[in-house]
Amino acid sequence: MRIAFIGDIVGRPGRDMIKTYLQKIKEEYKIDFVIANYENASHGFGLTLKNCNELVACGIDVMSGGNHTWDKKDIIPLFETHELLRPHNYPEGVPGTGCKVYEVAGERLAVLNLMGHYSMPMCDNAFRKAQATVQELKEDGVKNIFIDFHAEVTSEKRGMMMLLQGQVSAIIGTHTHVSTDDFQIANGTAYLTDIGLSGCRDNVIGMDEKVPLKQFLTGMKGHFDIPKKCKKILQVAVMDISEGECSKAFKLKYFDDDRVVKSDAWYED
Ligand code: FE2
């Protein structure tokens, strides 16, 4: 199966880029299944029903979340009606799930969403939850496992890779909004520390720079806002996965002036 992953969709600019380019990408690269992270999709904070439906209509099959999952309260009933995940290591009893299994191109694919610890809400141990969930999936005969690891620090993401390489098909980081340059395949596991945002690219993590700059200059907090006008980017990771292993991976960056940059993952083994 060939799957695509889009990281943090930040506000309308991110949704617009998906509307403009996703169908074209799916056709050109023959993508079987699309995963994306919704947690910043509605004006930077959470996901509304309207925006959820809009993104599904663009061709996204399942969406993962993170620390902003609960920002828009109308998400709670959507866990029953839409293909949405929230980090699997939120404490027991929290609405929704962080792991679902899909039938894709004749094989099963598990999509697992986890959240890190540094600078993140209180949640159960991501590493122990990952180990236990991967074991359960394997016992159920699910070989192909994709993980969106939503975490602030590179060390936690890299640690997850060292823990699970050879056991899962892909681990891709989200949350920082800034892409890293380390897309690789090691022991059959595709790994990228952070895929980076889809949305405005000429600001501060997709947000108007006025508020963060005031915060950095004065120490006074403010509410981050999506800029009315900006330069945009759509960042997509594409992976060929079968029998639990990733055999090929590359990243696409679409700019709103129609430039496209494609870069292949490197092989570690
Ligand atoms: Fe986040």
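First, a word on scope: everything that follows refers to the structure included in this document. Just so it is clear, the structure is predicted and the values come from calculations on it, not from any experiment.

## Structural notes on a nonpolar patch on the surface
Part 1 of the argument: Taken together, the side chains of Leu213, Phe216 and Leu217 define a hydrophobic patch exposed on the protein surface, amounting to about 370 Å² of accessible area.
Part 2 of the argument: Within the secondary structure, Phe216 sits in helix H6 (residues 210-218).

## Some remarks on the coordination of the iron ion
Part 1 of the argument: Listed as protein donors to the iron ion are Glu39 (OE), Asn67 (OD1), His150 (NE2) and His175 (ND1); their distances from the metal cover 2.0 to 2.2 Å.
Part 2 of the argument: Viewed at the metal, the 4 donor atoms of the iron ion are separated by angles of 87 to 157°, and the geometry they form is irregular.
Part 3 of the argument: Mapped onto the sequence, the residues coordinating the iron ion show the spacing E-x27-N-x82-H-x24-H. Taken together, the residues span a long stretch of sequence, with Glu39 in the loop between strand S2 (33-37) and helix H2 (49-57) and His150 in strand S6 (residues 144-150) at a distance of 111 residues. Here Glu39 and His150 have matching classes, each one buried.

## What to know about the environment of Gln167
Part 1 of the argument: Relative to the helices and strands, Gln167 resides in the loop between helix H5 (154-164) and strand S7 (170-174).
Part 2 of the argument: Taking C-alpha positions, Gln167 is 8.3 Å from Ile145, a pair spaced 22 residues apart along the chain.
Part 3 of the argument: If sequence neighbours within four positions are ignored, Gln167 has contacts with Val134, Lys138, Ile145 and Thr189.

Rules and cut-offs
Residues numbered from 1 in each chain as written. Predicted model: local features only at pLDDT ≥ 70, side-chain atom pairs only at ≥ 80, totals over all residues. Heavy atoms only, no water. Patch = residues over 30% accessible without salt bridge, like charges linked within 9 Å, V, L, I, M, F, W, Y side chains within 5 Å. Areas by Shrake-Rupley, 256 points an atom, 1.4 Å probe, with all protein chains shown as cover. Salt bridge = Lys/Arg side-chain N within 4 Å of Asp/Glu carboxyl O. Helix = DSSP H or I, 4+ residues; strand = E, 2+ residues; numbered from the N terminus. Donors = N, O, S within 2.8 Å, 3.2 Å for Na, K, Ca; no water. Tetrahedral: all angles 85-135°; square planar, octahedral: opposite > 155°, others 65-115°. Buried < 20%, exposed > 50% of the residue type's maximum accessible area, 1.4 Å probe, protein only. Contact = heavy atoms within 4.5 Å.

Purely geometric stuff here, so don't read any function into it on its own.
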